Amino acid sequence: MDAEPRTIRVTKKMAFVPAEIGARLGDTIEWVNKDILFHTATVKGGWDVLIPANGTASLAVSETGQVEY
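Residues numbered from 1 in each chain as written. Predicted model: local features only at pLDDT ≥ 70, side-chain atom pairs only at ≥ 80, totals over all residues. Heavy atoms only, no water.

K.L.:
Before we move on, could you go through the nonpolar core and cite the residues and values that matter?
P.N.:
One finds V10, I29, W31, A41, V49, I51, A57, L59 and V61 forming the largest nonpolar core, which totals nine residues. Looking at this core, the elements with two or more residues in it are strand 3 (28-33), strand 5 (48-51) and strand 6 (56-60). When near neighbours in sequence (up to four residues on either side) are disregarded, A41 contacts W31, W47, D48, V49, I51 and Y69. (Core = buried A, V, L, I, M, F, W, Y, C linked by side-chain atoms within 4.5 Å. Buried < 20%, exposed > 50% of the residue type's maximum accessible area, 1.4 Å probe, protein only. Helix = DSSP H or I, 4+ residues; strand = E, 2+ residues; numbered from the N terminus. Contact = heavy atoms within 4.5 Å.)

Next comes the structure, spelled out in structure tokens:
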């Protein structure tokens, strides 16, 4: 039986916490930006998510593999 997709929350206040996560295909990663400036979560040659100041942004995991952002 496949596990249900889940939402993984990463908070940004001076640094991304947690720094490493394990996401599965179909999971959603949600970034919560608690800074007064916008930030991005970027994978070189891959995706780029703009996270507004004091806001959130999310990305559904659609590919398998290990990435660094």
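Anyway, onward from the coordinates.
K.L.:
Lay out the pairing of strand 3 with the relevant residues and their values.
P.N.:
For strand 3, a buried count of five out of six residues is recorded, marking the element as mostly surrounded by other parts of the structure. Looking at chain direction, strand 3 and strand 6 are connected through five bridges and run antiparallel. Each residue of the ladder has a partner; that of I29, found in strand 6, is L59. (Pairing = 2+ DSSP bridges.)

Keep in mind that these numbers describe shape and distance, not what the molecule does.
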